[in-house]
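Survey of secondary and tertiary structure
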Amino acid sequence: MTGTNQKPDIAAAFAPLERETLNDRVYHELKNSIMEGRFKPGATLTLRAVSDALGTSMMPVRDAMRRLVSERALEVRPSRKIALPMLTVEQFLELRRIRMLLEGEAAALAQNGSPKAS
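The structure displayed is predicted, hence computed values, not measured ones. (Residues numbered from 1 in each chain as written. Predicted model: local features only at pLDDT ≥ 70, side-chain atom pairs only at ≥ 80, totals over all residues. Heavy atoms only, no water.)

Before going further, it helps to examine the packing of helix α2 (residues 22-35) against helix α4 (residues 58-70). Running from amino to carboxyl end, α2 crosses α4 at an angle of 55°, the nearest separation of the two axes being 8 Å. Classed by the angle they form, the pair α2 and α4 counts as oblique. α4 is crossed by α2, and the crossing has right-handed handedness. Residues Leu 22, Asn 23, Asp 24, Val 26, Tyr 27, Leu 30, Lys 31 and Ile 34 of α2 touch α4, and the partners they reach there are Pro 60, Val 61, Asp 63, Ala 64, Met 65, Arg 67 and Leu 68. Of the residues belonging to the contact of α2 with α4, the class tally is ten nonpolar, one polar and four charged. (Axes fitted to C-alpha atoms, helices over the stretch in contact; angles between N-to-C directions. Helix = DSSP H or I, 4+ residues; strand = E, 2+ residues; numbered from the N terminus. Parallel < 35°, antiparallel > 145°, perpendicular 65-115°, else oblique. Left-handed = near helix turned anticlockwise from the far one by under 90°. Contact = heavy atoms within 4.5 Å. Nonpolar A, V, L, I, M, F, W, Y, C, P; charged D, E, K, R; others polar.)

As structure tokens, then:
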């Protein structure tokens, strides 16, 4: 009677759950909003307005904004206001060139299949 009394491999049936803190959730929500273009370049964001909109205290918003400033997704202005950066023409052209290269490569891989590892 082999196999009838075996216990299932529970660990193989599930992927580990990720623990996400409130700080992480605020960070991801703010980052996604920026990436989706919900704010105009140069727009100023205040801790209070963002925390009110998300229904949180200002601490997780402050942490999220600090992280986004370190990633250059936001910038601190001389008046200590936090705003979305304005792209220069040169920065825009560089981003466009990089996107064209990456998206062209992604389209080629999708059409031809992924490259085989050597």
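The discussion continues.
Let us now look at helix α5 (residues 89-112). Between its first and last C-alpha, α5 extends 34 Å over 24 residues, near the 34 Å set by a 1.5 Å rise per residue. Backbone geometry just downstream of α5 places Gly 113 in the positive-phi region, at approximately 90°. (Expected span 1.5 Å × (residues − 1).)

A positive phi is found at Arg 72, a non-glycine position, where the angle reads about 65°. Among the secondary structure elements, Arg 72 is positioned in the loop between α4 and β2 (75-76). The residue Arg 80 is not glycine, and still its phi comes out positive at about 70°. Looking at the secondary structure, you find Arg 80 in the loop between β2 and β3 (82-83).

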